[in-house]
Amino acid sequence: MSVVNMLYNSQLKHLAGDDGVAAYGVMMYVNLVFLAIFIGYSIGTAPVIGFHFGAQNTDELKSLRQKSFMIIGCVSIAMLAASQLFAAPLAGIFVGYDAELLKLTVRGFRIFSFSFLFAGVSIFGSSMFTALNNGLVSAGISFLRALVFQLGAVLILPIFWKITGVWLAVVFAEVLSTVVTFVSLAAMQKKIRILTRWARLCRIND
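Along each chain, the written sequence defines residue order, and numbers are assigned to residues from 1. Local features in this predicted model are restricted to residues whose pLDDT is 70 or higher, and side-chain atom pairs enter the listing and the counts only when it is 80 or higher, whereas totals over whole chains, interfaces and linings include all residues. Excluding hydrogens and water, the side-chain values take into account all heavy atoms of the structure.

Q: Sorry if this is basic, but what is going on with a nonpolar patch on the surface here?
A: Exposure above 30% relative accessible area and the lack of any salt bridge qualify a residue for a patch; like charges then connect within 9 Å, and the nonpolar side chains Val, Leu, Ile, Met, Phe, Trp and Tyr within 5 Å. Using the Shrake-Rupley algorithm and a 1.4 Å probe, accessible areas are obtained, with residue cover drawn only from the displayed protein chains. For salt bridges, the criterion is a side-chain nitrogen of Lys or Arg within 4 Å of an Asp or Glu carboxyl oxygen. A grouping of Leu155, Ile156, Ile159, Phe160 and Trp161 is seen on the molecular surface, where their side chains present a nonpolar patch of about 570 Å² in accessible area. Helix and strand assignments come from DSSP, with helices taken as H or I runs of at least 4 residues and strands as E runs of at least 2, each series counted from the N terminus. Along the chain, Ile159 turns up in helix α5 (residues 135–205). Burial classes: relative accessible area under 20% of the type maximum marks a residue as buried, over 50% as exposed, and values in between as partly exposed (1.4 Å probe, protein chains only). By relative accessible area, which is 58% here, Ile159 ends up exposed.

Structure (structure tokens):
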């Protein structure tokens, strides 16, 4: 994240000067507060997921996963709505002393906030795979989300959309991370179905 933040600051310094760096700092403060909700939920549900996985309660796991994604979806929409509605007051707490900086921060945050629609899925997905004893997939999701996708996005998107591309970089990275999470989940479900059928066949043969 330090490497990513350095690159964001470098791009913003080039495109918008000190105001761009200041605006990004405000977004990161607010972003940490919002994402803490997803992180807290993911950490809180991980032991429950791990317990049902160990006990092979597949129905409970499926129900918990479906309910979790539903909760995360509702919270994500609420976060986006709150971000759009309270962008100016939140930015004003930090940069209300400068009208131009405030305007830049509000505009950037309203674009940036669309990342909240997707962030919860990849955060929960990474935690879920850890609880399912699949650290490799969990680490892969986190690594792609926090480093690879963001580095690629913040380097490429500003070429086409200037500073708007910097604000969109996080959104782009979260969308790709969500896709990776669902693809990994689908692959895991397929593997579970194959193993379940194989176990049934073995019982029948016995």
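More follows now that the structure is in view.
Q: Even after reading the chapter, I still don't get the packing of helix α1 (residues 2–54) against helix α2 (residues 58–95), so can you show me in this structure?
A: The axes of two packed helices give the description: the angle between them and the distance between them. The axes used here are C-alpha line fits, helices contributing only the stretch in contact, and every angle between their N-to-C directions lies in the interval 0 to 180 degrees. Across the interface, α1 lies against α2 with an axial gap of 9 Å and an inter-helix angle of 165°. Relative to α2, the element α1 is oriented roughly antiparallel. The two elements α1 and α2 meet at a crossing, and its hand is right-handed. Under this scheme an angle from 65 to 115 degrees is roughly perpendicular, one under 35 degrees roughly parallel, and one over 145 degrees roughly antiparallel; angles in between are oblique. Handedness of a crossing follows from how the near helix is turned relative to the far one, being left-handed for an anticlockwise turn of less than a right angle and right-handed for a clockwise one.

Q: Which parts of the structure should I look at to understand the environment of Glu100?
A: Among the structural elements, Glu100 can be located in helix α3 (residues 99–112). Put simply, Glu100 and Asp19 are 81 residues apart on the chain and 8.5 Å apart in space, counted from C-alpha to C-alpha.

Q: Please explain the environment of His52 as it appears in this structure.
A: Among the secondary structure elements, His52 is positioned in helix α1. Classification of His52 by relative accessible area gives buried; the value is 13%. A C-alpha to C-alpha distance of 42 Å links His52 and Gly165, two positions 113 residues apart in sequence. Setting aside chain neighbours within four positions, we find His52 in contact with Asn57, Glu60 and Leu61. Contact between two residues is taken to exist if any of their heavy atoms lie within 4.5 Å; hydrogens are not considered.

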